[in-house]
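# Secondary and tertiary structure notes
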Amino acid sequence: MKNLSFKEKVAFVANIVVATLLVFAFFISYQDTNLFSFFAIVHLLVPLLVILNVLFFCFWLIKRKKQFIPSFLVLAMGYFVFGSFYKIGNSLPEEAHDLSIMSYNVMGFNRFGWIEGTDIGDQITSFIKAQDPDVLCIQEHSRIRYQQLTQYAYRSETPYSSPRSNQAIFSKYPIVASGSLDLPQSGNNIIFADLLFNEDTLRVYNVHLESFNIVPNSETLSNGQSEKTYNRMINTFEKQLQQAKYLKEHISKTSHKILICGDFNNTQFSNVYRLVKNGYHDSFLEAGSGFGKTYDLKGLPVRIDYILTDDSFEVIKHTNFKERLSDHYPVMATLKIKP
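This report concerns the structure included in the present document. For clarity, every value in this text was computed on a predicted model and none was experimentally measured.

Axis separation between helix H2 (residues 41-62) and helix H3 (residues 69-82) bottoms out at 9 Å; the angle between their running directions is 140°. In this view, H2 runs oblique relative to H3, as classed from their interaxial angle. The handedness of the crossing between H2 and H3 is left-handed. Listed contacts from H3 to Val-46, Val-50, Asn-53, Val-54, Phe-56 and Phe-57 of H2 are Ser-71, Phe-72, Val-74, Leu-75 and Phe-82. Here the contact of H2 with H3 is composed, by residue class, of nine nonpolar, two polar and no charged.

Before going further, it helps to spend a moment on the side chain of Gln-167. Assignment of secondary structure puts Gln-167 in strand S4 (residues 167-171). With a relative accessible area of 0%, Gln-167 lands in the buried category. Separated by 2.8 Å, the side chain of Gln-167 and the backbone oxygen of Asn-206 make a polar contact. Once residues within four sequence positions are removed from consideration, Gln-167 is found in contact with Ile-138, Gln-139, His-141, Ser-156, Glu-157, Thr-158, Asn-189, Ile-190, Ile-191, Asn-206, Val-207 and His-208.

To continue, consider the packing of aromatic side chains. Under the definition given, this model contains 15 aromatic pairs. Their ring planes at 85° and their centres at 5.1 Å tell us that Phe-127 and Phe-321 sit as a pair that is edge-to-face. Remark: Phe-321 occurs in the loop between strand S13 (313-320) and strand S14 (331-337) and Phe-127 occurs in helix H4 (residues 120-131); sequence separation between them is 194 residues. Across this residue pair, the class does not change: Phe-127 and Phe-321 are buried.

Here is what the cut-offs are and how they apply
- Residues numbered from 1 in each chain as written.
- Predicted model: local features only at pLDDT ≥ 70, side-chain atom pairs only at ≥ 80, totals over all residues.
- Heavy atoms only, no water.
- Axes fitted to C-alpha atoms, helices over the stretch in contact; angles between N-to-C directions.
- Helix = DSSP H or I, 4+ residues; strand = E, 2+ residues; numbered from the N terminus.
- Parallel < 35°, antiparallel > 145°, perpendicular 65-115°, else oblique.
- Left-handed = near helix turned anticlockwise from the far one by under 90°.
- Contact = heavy atoms within 4.5 Å.
- Nonpolar A, V, L, I, M, F, W, Y, C, P; charged D, E, K, R; others polar.
- Buried < 20%, exposed > 50% of the residue type's maximum accessible area, 1.4 Å probe, protein only.
- Polar contact = N/O pair within 3.5 Å; in protein donor to acceptor, adjacent residues only side chain to side chain.
- Phe/Tyr/Trp six-rings, centres within 6.5 Å; stacked < 30°, edge-to-face > 60°.

Dropping the structure here:
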């Protein structure tokens, strides 16, 4: 520190703070307890913390000063804890008998006009038809839209008796059983369907974990609203963790091959994601490319929508689409059942 200018000393202090926050995020991601919920907001900031540490690393490296070491160490730790923040695609050749599956939060097919433009809902159904996945998991569904998805002979939707956000699983393969987990004290939910695929029964979970219902803007971050916003976020983190545990308990009671799709409303750096993913494979990490962005948060490449598989599947291909027809971007994977 002695040979640093005043501005460099300030920069180094900021560097240490940013590096420490990232290390703290590593620690929290391994905790499957609500004891640290008040710090869980750090998970949402991980993309920003990674970018800042990269900038600090480059800054000190250009200046040829050893202060690059803290950021270098935490970025190296992050690679082993969270995996690569940016992926280079490694798709395998597809075959006719592979299974394609898409997860898409369609924001009600824009029935309330949240996105400007005409016929956004029709554009969403046209997009789905063009991609033509074998299985389609929709969050924030609109029941009347099944009439436009005639390529699917089978579907399972949120029960009418359930006062929750609608979800649906569409399939080209027979649905032999289905159900709803009816998450307690939540407007969100998890549904599942057992599909008869060739000689196998596959269980597909369509997950929509607790939503934040917060738009990050000057109003929600103002002095009068910031405490209320913070408390709502903490409550959401706690519910998400409870719901993740509920899902894992439900999965433990089946012997079928498992696919988990949906909107987790939390990043791949969170303990919620780590709890659900434990023992499963993330199709983006297996065969994706780029940042894998599925949601826009003030320009940050946030990934909160996932397709997870158990060991029965090999991920052949993963695609993140860029169609701006909802507040989420669709994701799609092509899978092969291992012999």
